[in-house]
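The chain contents come next:
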Amino acid sequence: MPSDDTRRGLIRAMPGVFVLIWSTGFVVARYGMPHAPPLTFLCLRYALSVLCFAVWIRLAHAAWPREPTQWLHLAVTGVLMQAGYLGGVWAAVKHGIAAGTVSLIVGLQPVLTALWVSVTASRTGRAGAPVVSTGQWVGLLLGLAGLVLVVWRKLGAGEVNTLNLLLSIVALLAITVGALYQKRHVAPCDPRSANLIQMTAALIVSLPFALLEREPIVWHPQLIGAMAWSVLVLTLGGSSLLFMLLQRGAATRVTSLFYLVPPCTALMAWLLFDELLTPTVLIGMALAALGVWLAVREPAPPRALG
C-alpha cells in the first residue's frame, strides 16, 4: 500500500496530469478527423471504452453504484459530458470551425460555472453558501484573457457560420451543465464503473446520429493511433481523472483547470506540428496560468486575534 505522503503527492499531481491528458484531445482530432466522420469515430471510441472499463472492473472487482438513482444521474452526466460535449466539438470542427476557435468558445466554461455558482448562492441566501470570492473572479477573468490571447490568431475570417457556432455553444453548455450536475447529484463512487455507465449512455444517444453519416471510415495508421490514444489515455485516464477531481473539489476550482488546456495544446502543436509560438501566445499562457492559480488556490485561514 502506498504511504500517506505518496498518496498526498499523487492527489496533488492529479490536476496537472489531467490538463496534460485533456490537452492532447485536439492533437488526436487533427490526426484522426480526416479519416472518419466525427460521430462514427466517437461511437467506436465509446464502445471500445465500455469494453476496456468492463475488463478493468472485472479484474479489479470494482464496486457498482448501489442506488438506482445514481445510475440515472451517471447516465445524464454521460450524455452531457461525453455525447453532448465531444459530439458538439467534433461536429463543429467537421463543419469548418477551427480547433482553436472552438476551444475558445468551450473555454468559457469556467466563467459560466462561476456565474452559476455565484447566482445560485446569492439566491439561496443561506449562511455558509458557496460563493465565488473576489480573488477567484479575478483569476477567472485573467484566465479568460489569457485564453483569448492564445487562440485569437486562429479566428480565421469567414470560418464561423450559424451551424458550427451553434454546435460549439451546445458543447459549451453540455460540459458546463454536466460538470455542475455531476457535482450536485452524483455521489462518490468508483470512477471505473461510473465511466462505464457514462460511456454506455453516450453511445446509446450518439449511435442513431452516427448511422446517418455517409462518409466512410478509412483505417489509416493515424486513425488507429488516434483511436487508441482516445480510448486508453483520454477516456480511461482523462475522463477518470475529471470524475475524481469533481468528486474532490468545488466545481469552480475544477473547471478553472480548463483554462490551461488551450495553452498546453498550443505548446504541443508547436512541438509536434511546428506551429508558431508568438510572444502574444506566450503572454496568454502566463496569464492563463496565473488566473488558474488565483482561482484554485486554497484561501488563507483567518488569523487569530491577540
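Calculation notes
Residues numbered from 1 in each chain as written. Predicted model: local features only at pLDDT ≥ 70, side-chain atom pairs only at ≥ 80, totals over all residues. Heavy atoms only, no water. Helix = DSSP H or I, 4+ residues; strand = E, 2+ residues; numbered from the N terminus. Expected span 1.5 Å × (residues − 1). Buried < 20%, exposed > 50% of the residue type's maximum accessible area, 1.4 Å probe, protein only. Contact = heavy atoms within 4.5 Å. Axes fitted to C-alpha atoms, helices over the stretch in contact; angles between N-to-C directions. Parallel < 35°, antiparallel > 145°, perpendicular 65-115°, else oblique. Left-handed = near helix turned anticlockwise from the far one by under 90°. Phe/Tyr/Trp six-rings, centres within 6.5 Å; stacked < 30°, edge-to-face > 60°. Nonpolar A, V, L, I, M, F, W, Y, C, P; charged D, E, K, R; others polar. Core = buried A, V, L, I, M, F, W, Y, C linked by side-chain atoms within 4.5 Å.

## Looking at the environment of V17
As for its placement among the helices and strands, V17 is situated in helix α1 (residues 4–32). The spatial distance from the C-alpha of V17 to the C-alpha of L241 is 8.4 Å, given a sequence separation of 224 residues.

## Brief notes about helix α2 (residues 38–60)
Taking 1.5 Å per residue, 23 residues should reach 33 Å; α2 reaches 32 Å between its end C-alpha atoms and fits that length. For α2, the complete set of buried residues consists of P38, L39, T40, F41, L42, C43, R45, Y46, S49, V50, F53 and I57. At the C-terminal side of α2, H61 shows a positive phi close to 55 degrees.

## A short note on the side chain of T40
Among the structural elements, T40 can be located in helix α2. Setting aside chain neighbours within four positions, we find T40 in contact with A210, E213 and I217.

## Digging into the packing of helix α3 (residues 68–94) against helix α7 (residues 162–185)
Closest axis-to-axis distance for the α3/α7 pair is 8 Å, and the angle between their directions is 155 degrees. The angle between α3 and α7 falls in the class roughly antiparallel. Crossing hand, α3 versus α7: left-handed.

## Overview of the packing of aromatic side chains
Counted according to the given criterion, the structure contains 3 aromatic pairs. The interplanar angle of 10 degrees and the centroid separation of 6.0 Å between the aromatic rings of F53 and W56 together place this pair among those described as stacked. One end of the pair is F53 and the other is W56, both in helix α2 and 3 residues apart, which spans about a single turn. Among the residues examined, F53 registers a relative accessible area of 0% and is labelled buried.

## As for α7
Look at α7: 33 Å from first C-alpha to last across 24 residues, which is about the 34 Å you get at 1.5 Å a residue. Turning to α7, its buried residues number three or more, namely N164, L167, S168, A171, L172, A174, I175, T176, G178, A179, L180 and Q182.

## Overview of the environment of A60
Within the element layout of this structure, A60 appears in helix α2. Placed 132 residues apart in sequence, A60 and R192 show a C-alpha to C-alpha distance of 9.7 Å.

## Considering the packing of α3 against helix α8 (residues 191–210)
Remark: α3 packs on α8, axes separated minimally by 7 Å, with the N-to-C direction vectors making an angle of 60 degrees. Comparing the axis directions of α3 and α8 gives the class oblique. Judged by the sense of rotation from one axis to the other, the crossing of α3 with α8 is right-handed. Across the interface between the two elements, W71, L74, A75, T77, G78, V79, Q82 and A83 from α3 touch A194, I197, Q198, M199, A201, A202, V205 and S206 from α8. Looking at the contact of α3 with α8 residue by residue, the class counts come to 11 nonpolar, 5 polar and no charged.

## Structural notes on the nonpolar core
Counting 53 residues, the largest nonpolar core has F18, F41, Y85, V89 and W90 as the members making the most contacts within it. Broken down by secondary-structure element, the contributors of at least two residues to this core are α1, α2, α3, α4 (99–106), α7, α8 and α9 (221–248). Top contributing element to this core by residue count: α9, with 10 residues. Not counting residues within four places of it along the chain, the set of residues in contact with W90 comprises A29, M33, P38, F41 and L42. With 7 residues, the next largest nonpolar core counts V111, A114, L147 and Y259 among its residues.

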